[in-house]
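Understanding the architecture of this molecule
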Amino acid sequence: MTDDVRGALLRHIKDKAVVHGKVTLSSGLEADYYIDLRRITLDGAAAPLLGQVMLDLTEDLDFDAVGGLTLGADPVATSMLHAAAARGRTLDAFVVRKATKAHGMQQRVEGPAIKGRRVLVVEDTSTTGGSALTAVEAVREAGAELVAVATIVDRDTGAAEKVTEAAGVPYLFAYGKDDLGVA
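Residues numbered from 1 in each chain as written. Predicted model: local features only at pLDDT ≥ 70, side-chain atom pairs only at ≥ 80, totals over all residues. Heavy atoms only, no water.

Overview of helix H3 (residues 46-57)
Formally: Going along the chain from the N terminus, every DSSP run of H or I of four or more residues is numbered as a helix, and every run of E of two or more is numbered as a strand. By this rule, a helix spans an expected 1.5 Å times one less than how many residues it contains. Per-residue accessibility, obtained with a 1.4 Å probe over protein chains only, is compared with the maximum for each type, and a residue is labelled buried under 20%, exposed over 50%, and partly exposed between these values. Contacts between residues were defined by any pair of non-hydrogen atoms, one from each residue, lying within 4.5 Å.
For H3, spanning 12 residues, the distance from its first C-alpha to its last is 16 Å, which sits close to the expected 16 Å at 1.5 Å a residue. Most of H3 is tucked away: 9 of the 12 residues are buried. Inspection of H3 places Ala46, Ala47, Leu49, Leu50, Gly51, Val53, Met54, Leu55 and Asp56 among the buried residues, and these make up the whole buried set. Buried residues belonging to H3 abut helix H1 (3-17), helix H2 (38-41), helix H4 (74-86), strand S6 (118-126), strand S7 (145-154) and strand S8 (171-176).

Here's what the structure looks like:
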């Protein structure tokens, strides 16, 4: 991984996504800061860097599709898809719905079929790992082979241990709270 790309993305995260103040996280836990990574994953300057950093983070893994629980994982997977294409690699993306669609094809996993394929589950930030584990369950039910779970930022509040134990695959993250200067 090139340090300049990794460092540039970290600067974007620190400048745009770390919000200080008391918040309640989706996990129900309270924190003195919030990491709003949609300010990064949907940013025209930061998203291309994100795709490169996440591809570099997962370069030793063998997978051909990437996705996770909507909404946090969608732009992460899309950034990786585009970064892979720029490197001459084909990588599909998929979206895991929070609930099975009640009409149409009634699918929980949208996008190119993942049955029988090696997939990576991603998310933007992890606190307890709940979103990742919801996606893990859905991709396994869809018949995919899960190779790992990867997140941009790990809040160091137990997600790594919970995901590794429950899913039985590696858990990777690009940045921890120490990298962001929050404790």
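What about the packing of H1 against H3?
Short version of the rule: Here, axes are lines fitted to C-alpha atoms. For helices the fit covers the stretch in contact, and angles between N-to-C directions go from 0 to 180 degrees. Angle categories are assigned with fixed cut-offs, so that under 35 degrees is roughly parallel, over 145 is roughly antiparallel, 65 to 115 is roughly perpendicular, and the rest are oblique. By convention the crossing between two helices is left-handed if the near helix lies anticlockwise of the far one by an angle smaller than a right angle, and right-handed if it lies clockwise. Think of it as three bins: nonpolar holds Ala, Val, Leu, Ile, Met, Phe, Trp, Tyr, Cys and Pro, charged holds Asp, Glu, Lys and Arg, and polar takes everything else, Gly as well.
Between H1 and H3, the shortest axis-to-axis distance is 9 Å and the interhelical angle comes to 130°. Classified by the angle between their axes, H1 and H3 sit oblique to one another. As H1 runs across H3, the sense of the crossing is left-handed. Within the contact between the two elements, H1 uses Val5, Arg6, Ala8, Leu9 and His12 and H3 uses Ala46, Leu49, Leu50, Gln52 and Val53. For the contact of H1 with H3, a count of residues per class yields 7 nonpolar, 2 polar and 1 charged.

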